[in-house]
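Analysis of the macromolecular model
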Amino acid sequence: EINDPLFGVASSGIVFQVRLTNENINLGSSIEADSLVMGLSFDVSNNFYGDTLDQLLIKVYELDEDISRDSIYFSNQVPQVKPTPIASYVYSPRPTTPVQVNEPQLNGNDSIFNYAAVVRIPFGQELIDRLVNASNTPDLQNNTNFLSFFKGMYITAERVDGGSTGSVMHLV
């Protein structure tokens, strides 16, 4: 969301489906997932407009309608979503600053990696449990079933400080 002095307030969002990479997913009976994080990278040319020092409240909603991957959707078509966000995250954009991420390694140690600027959106335990509990069920049997179980996501952002300029960024 951005408040441009000439054009006024404008907002944008991203709508997409999540698809399975394999069929008949079985995570086993003893899996314990403690985090689920979605990463969105900034465009390599750092395309953004506005004040990237202003914080944004990023909200991720689960779609409540089917979308088709071979259809064209326009910016004035806001999708139907479930009423409660599956993630809300206050974000301070820094499109040109590398991000340090602590990642566990197979040997039990953690390593710090530097990644190009990225938005890392953490999801709550409710979504984690829902996905883990779908293991070895028809919901994870194939993409047709999965898209009935989880139709996709809509990500939008709003300015934390209503008096700020905000920004619009190109994420990939």
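Each value, and the rule that gives it
- Residues numbered from 1 in each chain as written.
- Predicted model: local features only at pLDDT ≥ 70, side-chain atom pairs only at ≥ 80, totals over all residues.
- Heavy atoms only, no water.
- Helix = DSSP H or I, 4+ residues; strand = E, 2+ residues; numbered from the N terminus.
- Buried < 20%, exposed > 50% of the residue type's maximum accessible area, 1.4 Å probe, protein only.
- Contact = heavy atoms within 4.5 Å.
- pLDDT = per-residue confidence, 0-100.
- Phe/Tyr/Trp six-rings, centres within 6.5 Å; stacked < 30°, edge-to-face > 60°.
- Lys NZ or Arg CZ within 6 Å of the ring centre and 35° of its normal.

**Some remarks on the overall build of the protein chain**
When you go through the protein chain residue by residue, the secondary structure sums to two helices and twelve strands. Listed by position from the N terminus, the elements making up the protein chain come as β-β-β-β-β-β-β-β-β-β-α-α-β-β. Taken along the three principal axes of its C-alpha coordinates, the protein chain extends 55 × 40 × 25 Å. Per-residue burial over the protein chain gives 31% buried out of 172 residues. Across the protein chain, contacts joining residues at least 24 apart in sequence account for 76% of those joining residues at least 6 apart.

**Regarding the confidence of the model for the protein chain**
Confidence along the protein chain averages 88 in pLDDT terms, with 98% of residues attaining 70 or more. Here strand S8 (residues 99-104) stands out as the element of the protein chain with the lowest mean pLDDT, 79, in contrast to helix H2 (residues 143-149), whose mean of 96 is the highest.

**As for the environment of Val132**
Take Val132: it is sitting in helix H1 (residues 125-133). For the pair Val132 and Ala33, spaced 99 residues apart in the sequence, the C-alpha separation amounts to 7.7 Å. The residues contacting Val132, other than those within four sequence positions of it, are Leu27, Ile31 and Ala33.

**Topic: the packing of aromatic side chains**
Scanning all chains against the criterion turns up three aromatic pairs. With 6.3 Å between their ring centres and 35 degrees between their planes, Tyr89 and Tyr91 make a pair best called tilted. Given a relative accessible area of 26%, Tyr89 falls into the partly exposed group. Judged by its relative accessible area of 7%, Tyr91 is buried. Counting every residue linked through ring pairs, the aromatic cluster contains Phe146, Phe149 and Phe150. Positioned above the aromatic ring of Phe149 is the side chain of Arg130, whose terminal nitrogen or guanidinium carbon lies 4.6 Å from the ring centre.

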